[in-house]
Amino acid sequence: MTTDLPPGTGSSIDRSPWPALWAMVIGFFMILVDNTIVSVATPAIRDDLGTDYNSVIWVTSAYLLAYAVPLLVTGRLGDRFGPKNMYLLGLTIFTLASLWCGLTGSIEMLIVARVVQGFGAALITPQTMAVITRTFPAAKRGSAMALWGATAGVATLVGPILGGVLVDSLGWEWIFIVNVPVGIIGFVLAVRLVPVLPTHSHTFDWLGVALSGVGVFLVVFGIQEGEKYDWGTITGIISVPLLIAVGVAVFGIFIWWQSRIKAEPLVPLGLFRDRNFSLGNGGIALVSLAITSMSLPFFFYAQGVRGWSPTESALLMAPMAVVLMVLSPFVGKLVDRTHPRNITVVGFGTAAIAMFWLSQLIAPETPVWQLCLPMALFGVSNACLWAPLSATATRNLPMSSAGSGAGVYNTTRQIGAVLGSAAIAALIQARLTANGLEGATEAGQGATGAMPAPVQTAFSDAMSQTLYLPVVAFVIGIVLVLFLAKPSHAGHGGAPVGNTTKDAEAVAEPQR
């Protein structure tokens, strides 16, 4: 059965929204894999390009930063010019930048290429959530968000496994080059299957874009570079604490500006009147921060202390991915039937237990099978977090704000990842110094072989201690989701935020 597209398209689409979602999931999966795929290749990139520890960390942080900052405006661009058009543009930029990453020969150019790649990813991500919000009825959105959440979770966990195989077999360049054929396939499928949806006129708050970008950059740069400058002066009167303080102040000005702007704000603060939207954003930021911050010390331990290859160390993530894929369909069905608090408390609780358990096992002689147990439990956690949080946060979004709401949600998720990457880099250096290994980060990053036996225990202790960061994040998440409310508009296609006629008319937009 078909239904007419908006006037002027001259075509029709299948009424089922699933083919379009599956087509977009390909691009979404690819960009999220690139969030974590570099972590397992970090030692190889460092050795091949002859750079230092802090510079190679920026290969990940630059991507995450370039991904996070534009999300607020790219979601609104999808509302204005259509999610399909923005998705295709982003996929093109991302694919070409991936080729650039694979062909570069210096750490500086790799970081620049990753910035461009991150911008392409920022164009893609909000469109996937916006299409779900605008094409699936609210009462059935849980299954769609389960696919979206499972894609995010599996990509986050599979990235290191895929990266390990590619680094060992073909070289680190191929973790980027492999995106090219996948991007081409995803582009063709999106052209054929993703519908052209009605657009909504929006103005753009460019001052808000600048304020949010400056705030994110200053805070992230300050956190990541703090240990390098001993949390003191960088140059002249500029110090690390000053950078972080200015970044926080700029964020404050950004929020004030959003409340005062007469035209459409970059972040419609009215969205946060929905308690579940606010708590869902906080929850996904904590999840993203924790997952990003746990992978780097774990791979330094696996490759530097145990001497495992990138593939061998990445395969320790396999129990997480398998459990997540098995449980996600069942959790997706529960999302539409049960209170979101029930599922997410289980998710955050098991995640905190799994990370604390893993931290106690980080030692030179721990049997592999013991490491796999908390990893499997962490798969349960991810299944109970990604889909439930995204479905709960977006269930009541008004149709006219589907893009901006998705942009806010994904911005929050990415800022969590950026802060996680920056914070864990600083924490690793701090714990290495505290364990008597100042200047010994080089030993933990060799692409092949284990570090000298005399420093293995101290290095393992340092990596173990850094895993307390994700434990704390997950414990905070438990408290946060206790305040989730049972959705009151399930099955009504979303509720408008505020009382404007425009929002009311947008909610009445026919579902496709």
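These figures come from a predicted structure and were not determined experimentally.

### Quick word on helix α3 (residues 71–81)
Right, on to step 1. With nine of 11 residues buried, α3 is to be regarded as a mostly interior element.
Right, on to step 2. Listed as buried for α3 are Leu71, Leu72, Val73, Thr74, Gly75, Arg76, Leu77, Gly78 and Asp79.
Right, on to step 3. Just beyond α3, the residue with positive phi is Gly82, at close to 100 degrees.

### Here we look at the packing of aromatic side chains
Right, on to step 1. Taken as a whole and assessed by the stated rule, the structure comprises eight aromatic pairs.
Right, on to step 2. Considering the side-chain rings of Phe298 and Tyr301, the 6.4 Å spacing of their centres and the 50 degrees angle between planes classify their relative orientation as tilted. Separated by three residues within a single helix, Phe298 and Tyr301 lie in helix α11 (residues 275–305), roughly one turn from each other.
Right, on to step 3. What makes Phe298 buried here is its relative accessible area of 1%.
Right, on to step 4. Overall, the relative accessible area of 0% leaves Tyr301 in the buried class.
Right, on to step 5. When the ring of Phe378 is compared with that of Phe474, the centres are 5.8 Å apart and the planes differ by 70 degrees; the resulting orientation is edge-to-face. Here Phe378, found in helix α15 (residues 368–383), pairs with Phe474, found in helix α19 (residues 468–481); they are 96 residues apart in sequence, far enough to count as distant.
Right, on to step 6. Judged by relative accessible area, which is 1%, Phe378 ranks as buried.
Right, on to step 7. The exposure class of Phe474 is buried, given its relative accessible area of 1%.

### Some details on the nonpolar core
Right, on to step 1. One finds Ile31, Ile45, Leu110, Trp172, Leu358, Met463 and Phe474 to be the most contacted residues of the largest nonpolar core, which totals 138 residues.
Right, on to step 2. The greatest single-element share of this core, amounting to 17 residues, is contributed by helix α1 (residues 18–49).
Right, on to step 3. Excluding anything up to four places from it in sequence, Leu110 contacts Ile45, Leu49, Val59, Cys101, Thr104, Trp172 and Phe176.

### Overview of empty space enclosed by the protein
It is the rolling of a water-molecule-sized probe over the atoms that shows where space remains empty.
Right, on to step 1. The final tally for this structure, using the stated rule, is four cavities of 30 Å³ or more.
Right, on to step 2. Of the voids in this model, the largest cavity is the one considered here, and its volume is about 140 Å³.
Right, on to step 3. In terms of lining, the largest cavity is formed by 13 residues, of which the most central are Ser39, Thr60, Ser295, Leu296 and Ser421.
Right, on to step 4. Those elements that place two or more of their residues in the lining of the largest cavity are α1, α2 (53–68), α11 and α17 (402–434).

### With respect to helix α16 (residues 386–394)
Given 3.6 residues per helical turn, the α-helix brings residues three or four places apart onto the same face.
Right, on to step 1. Most of α16 is tucked away, with nine of its nine residues classed as buried.
Right, on to step 2. Residues of α16 that are buried include every one of Trp386, Ala387, Pro388, Leu389, Ser390, Ala391, Thr392, Ala393 and Thr394, and no others.

Cut-offs and rules
Residues numbered from 1 in each chain as written. Predicted model: local features only at pLDDT ≥ 70, side-chain atom pairs only at ≥ 80, totals over all residues. Heavy atoms only, no water. Buried < 20%, exposed > 50% of the residue type's maximum accessible area, 1.4 Å probe, protein only. Helix = DSSP H or I, 4+ residues; strand = E, 2+ residues; numbered from the N terminus. Phe/Tyr/Trp six-rings, centres within 6.5 Å; stacked < 30°, edge-to-face > 60°. Core = buried A, V, L, I, M, F, W, Y, C linked by side-chain atoms within 4.5 Å. Contact = heavy atoms within 4.5 Å. 1 Å grid on protein atoms, 1.4 Å probe; cavity = no way out; pocket = protein on both sides within 12 Å on 5 of 7 lines; lining within 4 Å. Points joined across faces, edges and corners; volume = space filled by probe spheres on them.

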